[in-house]
Amino acid sequence: MAPDKFKGSLTAAEVARRVSAGLGVPTVELPVADGGDGTVDAAVACGFDRITIEVTGPTGERVPASYAWHTADDTAVVELAEASGLRRLPGEREPLTATSYGTGELVADAVRRGAKRVVLGLGGSACTDGGAGMAQALGARLLDAGGNELPRGGAALKSLDRIDMSGFMDISGVEFVVASDVDNPLLGPHGAAAVYGPQKGATPEDVKSLEAALSRLAAVATQTHGLLGAVEHDDMPRPMGVAGAPGAGAAGGVGFAALAFLHADIRPGIDYLLGLLGFGTHVEGARLVVTGEGSLDEQSLRGKAPIGVAQAAAKAGVPVVAVCGRRTLGDEELKAAGIQAAYALTDLEPDLDRCMAEAGPLLERLAARIAADHLEGE
């Protein structure tokens, strides 16, 4: 059982448990995630410990947030959405002032605990601050021309004059990995502000303001932090160097800060996390893999968890079926992605609200169908 969550309904672990119950055969439950919401939960379900601390939420309120910790190899899995996600907003979205500071606090706690590797799952963010808040929480000082510390949030970066790294946390000996399938650069028409700003409540004017602010961050980082590349302007900002790297625009630009200040490697989210969770070992000897997510649609084909699971299972020669709340992909599209068949809650209950409310019992009924179709004689 290697499903992702059914967002707003069941966690990945709950999906795995319900399908296992409905199949009625011996199973191994390995809930997964692709770096977004639920990544920490998936790691905990696979044997990591949960560490919960109080951090700064996206609009400054204090919130409890967790990361996953694996004692055997001193690995921490930090999920940005835990501290700086849209779900942490106390009310209205605040695209200009929301901060990634709390994510930096989680990273700092993991480093103090002795982490040798920190895996950053980027997704579901409320902020478009280029990771400035995360850097501030780790000790960077972002200063204006008068030497004053900038307030938190993306819009304030337009006044950035220099970055003082003298008080930055000692991260020598720590490997940082960004688990993300987002390949957007920091700036430009495919960048963090233009593509993801509106999802976080940004108006067209807000997007322009955030684009200018992120451009300033990239330019100052180039001048004062020794980063390769620059940002040129001729009516259209062209990201270069670190700002132009695939994934720099992930999570409102937190990918940029991870590259620039943490010297992180960006790895494909689901592929990296499957390795971290030991999927290759668990799948050995399996007759069938069941994966899934809330909605199997075009977005699923862009590196989401079920497709990553299907590709990994194919390497082991194990067939894959999927469960989902609903699906818009046809049978041929699924088979081309390595999924033999998909079973949707809407096959049993066309009312979406009831599907959400009764997802658990409906999944058990779907699992009985899967057993009859694929596990006869088991």
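One structure accompanies this document, and this report is about it. (Residues numbered from 1 in each chain as written. Predicted model: local features only at pLDDT ≥ 70, side-chain atom pairs only at ≥ 80, totals over all residues. Heavy atoms only, no water.)

### Observations regarding the pattern of salt bridges
Logical step 1: Across all of its chains, the model carries 20 salt bridges by this definition.
Logical step 2: Across the pair Lys5 and Asp4 runs a salt bridge, and its minimum N-O distance is 3.8 Å.
Logical step 3: The class for Asp4 is buried, based on a relative accessible area of 3%.
Logical step 4: Here Arg87 ties to Glu82 by a salt bridge, and the two come within 2.9 Å at their closest N and O atoms.
Logical step 5: Looking at Arg87, the relative accessible area reads 46%, which means it is partly exposed.
Logical step 6: Taken together, the shared-partner salt bridges in this structure form one network comprising Glu79, Glu82, Arg87 and Arg88. (Salt bridge = Lys/Arg side-chain N within 4 Å of Asp/Glu carboxyl O. Buried < 20%, exposed > 50% of the residue type's maximum accessible area, 1.4 Å probe, protein only.)

### Looking at the pairing of strand β11 (residues 289–296)
Logical step 1: Counting buried positions over the eight residues of β11 gives seven, a clear majority of the element.
Logical step 2: Across seven bridges, β11 lies against strand β12 (residues 320–327) in parallel orientation. Looking at the pairing, Val289 lines up with Val320 of β12.
Logical step 3: In this fold, the crossover linking β11 to β12 by way of helix α11 (residues 305–315) has right-handed handedness. (Helix = DSSP H or I, 4+ residues; strand = E, 2+ residues; numbered from the N terminus. Pairing = 2+ DSSP bridges. Right-handed = clockwise from strand over helix to strand, strands pointing away.)

### Concerning the sheet that holds strand β3 (residues 75–79)
Logical step 1: Across the sheet, six strands lie side by side as β1-β2-β3-β4-β7-β10; this open sheet has mixed pairing. Where the open sheet ends on each side, the last strands, each with one partner, are β1 (49–56) and β10 (265–267). When strand polarity is set aside, the average angle formed by the axes of neighbouring strands in this sheet is 30°.
Logical step 2: Relative to β10, strand β7 (residues 175–179) runs parallel, the two sharing three bridges. Residue pairing across strands places Val177 opposite Asp265, the latter belonging to β10.
Logical step 3: Lying over the sheet, helix α4 (residues 101–113) contacts β1, β2 (62–70), β3, β4 (117–121) and β7, oriented at roughly 135° with respect to β1. (Axes fitted to C-alpha atoms, helices over the stretch in contact; angles between N-to-C directions. Contact = heavy atoms within 4.5 Å.)

### With respect to the pairing of strand β13 (residues 341–344)
Logical step 1: Two strands pair when backbone bridges link them, and β12 and β13 are joined in this way by four bridges, in the parallel orientation. Residue pairing in the sheet places Ala322 in a bridge with Ala342 of β13.
Logical step 2: Assessed by its sense of winding, the connection that carries the chain from β12 through helix α12 (residues 331–336) to β13 is right-handed.

### Structural notes on the layout of surface pockets
Gaps between atoms show up when a probe of the same size as a water molecule is rolled over them.
Logical step 1: The volume enclosed by the largest pocket comes to roughly 1400 Å³.
Logical step 2: Around the largest pocket sit 41 residues that line it, and Lys7, Asp34, Gly124, Gln299 and Lys304 are the ones nearest its centre.
Logical step 3: Sorting the residues of the lining of the largest pocket by element identifies α8 (250–261), β11, β12 and α14 (352–357) as the ones contributing at least two each.
Logical step 4: Class assignment for the residues of the lining of the largest pocket results in eleven nonpolar, 16 polar and 14 charged.
Logical step 5: Of the voids in this model, the second largest pocket is the one considered here, and its volume is about 360 Å³.
Logical step 6: For the second largest pocket, the lining is made up of 20 residues, of which Pro26, Thr27, Val28, Ala286 and Leu288 are closest to its centre.
Logical step 7: Those elements that place two or more of their residues in the lining of the second largest pocket are α10 (279–282) and β11.
Logical step 8: Among the residues making up the lining of the second largest pocket, the classes are represented as 14 nonpolar, three polar and three charged. (1 Å grid on protein atoms, 1.4 Å probe; cavity = no way out; pocket = protein on both sides within 12 Å on 5 of 7 lines; lining within 4 Å. Points joined across faces, edges and corners; volume = space filled by probe spheres on them. Nonpolar A, V, L, I, M, F, W, Y, C, P; charged D, E, K, R; others polar.)

### Some points on the sheet that holds β13
Within a sheet, neighbouring strands are paired by backbone hydrogen bonds and run either parallel or antiparallel to one another.
Logical step 1: A sheet is described by the order of its strands in space; here three strands give the open sequence β11-β12-β13, paired in parallel fashion. Each edge of the open sheet carries a strand with a single partner, namely β11 and β13. Pairwise comparison of adjacent strand axes, ignoring direction, gives a mean angle of 25° for this sheet.
Logical step 2: α11 contacts β11 and β12 of the sheet and is inclined by roughly 160° relative to β11.

### Quick word on the packing of aromatic side chains
Logical step 1: In total, this model carries zero aromatic pairs according to the counting rule given.
Logical step 2: Here the guanidinium or amino end of Arg152 rests over the ring plane of Tyr101, the centre of that ring lying 3.6 Å away. (Phe/Tyr/Trp six-rings, centres within 6.5 Å; stacked < 30°, edge-to-face > 60°. Lys NZ or Arg CZ within 6 Å of the ring centre and 35° of its normal.)

### Remarks on the packing of helix α1 (residues 12–23) against helix α15 (residues 359–374)
Logical step 1: Where α1 meets α15, the axes come as close as 7 Å, and the angle between the chain directions of the two elements is 45°. Between α1 and α15, the crossing angle belongs to the class labelled oblique. Where α1 crosses over α15, the two elements pack in a sense that is right-handed. On α15, the residues touching Val15, Arg18, Val19, Ala21, Gly22 and Leu23 of α1 are Gly360, Pro361, Leu363, Glu364, Ala367, Ala368, Ile370 and Ala371.
Logical step 2: Considering only residue class, the contact of α1 with α15 consists of ten nonpolar, two polar and two charged. (Parallel < 35°, antiparallel > 145°, perpendicular 65-115°, else oblique. Left-handed = near helix turned anticlockwise from the far one by under 90°.)

### Here we look at the side chain of Thr291
Logical step 1: Note that Thr291 resides in strand β11.
Logical step 2: One polar contact links the side chain of Thr291 to the main-chain carbonyl oxygen of Ala2, over a distance of 2.8 Å.
Logical step 3: With residues up to four places along the chain from it excluded, the contact list for Thr291 reads Ala2, Pro3, Pro306, Val309, Val320, Val321, Ala322 and Val323. (Polar contact = N/O pair within 3.5 Å; in protein donor to acceptor, adjacent residues only side chain to side chain.)

### Details of the state of the cysteines
Logical step 1: Tallied over the entire structure, the rule returns zero disulfides.
Logical step 2: The cysteine Cys324 is free of any disulfide, with Cys355 supplying the nearest cysteine sulfur at 9.8 Å. (Disulfide = S-S within 2.5 Å.)

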